[in-house]
Amino acid sequence: MTSWQEKTSVDLMLDELETWAIVGLSGNPHRTAYEIAALLQQRGKRIVPIHPSAPTVLGEQGYATLADVPFAIDVVDVFRRSDSAGQFADEAVAVGAKAVWFQLGVIDKAAFDRTVAAGVPMVMDTCPAIEWRRR
């Protein structure tokens, strides 16, 4: 396990944080982001779709950007390629999110270092479904 999959950070996000902004979530039920958003809802989390077209997904109003969300965000969960994910970690810090999660295969060490240095816990290269199964 790497430093970007610290158990304390994973546990904080899965057990204590409730509002998850899902970057890249669209209404396509065949996409992994949709499946994970549905799982998060089943586990009692509130999801907030973040997508340029701001669709309503799984009954929740979407927003074009993190800055557009008019309420507090606990976790920013990023479903974007590694080369574009870092900006969302920076935006998460800027909007006061309590944590950042980069999904399986999404790795940006510089973004991880910036986010953690800002005092925001971050997890990379794993998935809530995987982490819940590990318990």
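Residues numbered from 1 in each chain as written. Predicted model: local features only at pLDDT ≥ 70, side-chain atom pairs only at ≥ 80, totals over all residues. Heavy atoms only, no water.

Caption draft 1: Summary view of the packing of aromatic side chains. One pass over the structure, following the stated rule, counts three aromatic pairs. Ring geometry for tryptophan 4 and phenylalanine 112: centres 6.3 Å apart, planes at 70°, overall edge-to-face. In this pair, tryptophan 4 sits in the segment before helix H1 (7-16) while phenylalanine 112 sits in helix H4 (residues 109-117), placing the two residues 108 residues apart along the sequence. The pair formed by tryptophan 4 and phenylalanine 112 is uniform in burial state, with each residue classed as buried. When the centroid spacing of 6.2 Å and the interplanar angle of 80° are considered together, the rings of tyrosine 63 and phenylalanine 71 count as edge-to-face. In this structure tyrosine 63 comes out as buried when scored by relative accessible area, which is 17%. Its guanidinium or amino end placed over the ring of tryptophan 132, arginine 43 lies 4.4 Å from that ring's centre, counting from NZ or CZ. Cation over ring: arginine 46 sits above phenylalanine 71, and NZ or CZ is 3.9 Å from the ring centre. (Phe/Tyr/Trp six-rings, centres within 6.5 Å; stacked < 30°, edge-to-face > 60°. Helix = DSSP H or I, 4+ residues; strand = E, 2+ residues; numbered from the N terminus. Buried < 20%, exposed > 50% of the residue type's maximum accessible area, 1.4 Å probe, protein only. Lys NZ or Arg CZ within 6 Å of the ring centre and 35° of its normal.)

Caption draft 2: Region of interest: the sheet that holds strand E1 (residues 19-23). Taken together, five strands build an open sheet; the order of strands is E2-E1-E3-E4-E5 and the sheet is parallel. Of all strands in the sheet, those bounded by a partner on one side alone are strand E2 (46-50) and strand E5 (122-123). Across the sheet, helix H2 (residues 32-42) is in contact with E1, E2 and strand E3 (75-78); its angle to E1 comes to roughly 175°. (Pairing = 2+ DSSP bridges. Contact = heavy atoms within 4.5 Å. Axes fitted to C-alpha atoms, helices over the stretch in contact; angles between N-to-C directions.)

Caption draft 3: Main features of the pairing of E2. Taken across its five residues, E2 has four buried, putting it largely inside the fold. Direction of pairing for E1 relative to E2: parallel, over a ladder of five bridges. Bridge assignment links threonine 19 to a residue of E2, and that residue is arginine 46. As a crossover connection, the stretch from E1 through H2 into E2 is right-handed. (Right-handed = clockwise from strand over helix to strand, strands pointing away.)

Caption draft 4: The side chain of aspartate 77, seen in detail. As for its placement among the helices and strands, aspartate 77 is situated in strand E3. With no salt bridge to any partner, buried aspartate 77 finds its closest opposite charge in lysine 45, at an N-O distance of 11 Å. Discounting residues that sit within four places of it in the chain, aspartate 77 has contacts with Trp20, Ala21, Ile22, Val23, Ile36, Leu40, Trp101, Gln103 and Pro128. (Lys, Arg positive; Asp, Glu negative; His and termini not counted. Salt bridge = Lys/Arg side-chain N within 4 Å of Asp/Glu carboxyl O.)

Caption draft 5: Quick look at the environment of tryptophan 20. By the element assignment, tryptophan 20 lies in strand E1. On the basis of relative accessible area, tryptophan 20 is assigned to the buried category, the value being 0%. Residues tryptophan 20 and valine 123, spaced 103 residues apart in sequence, show a C-alpha to C-alpha distance of 14 Å.

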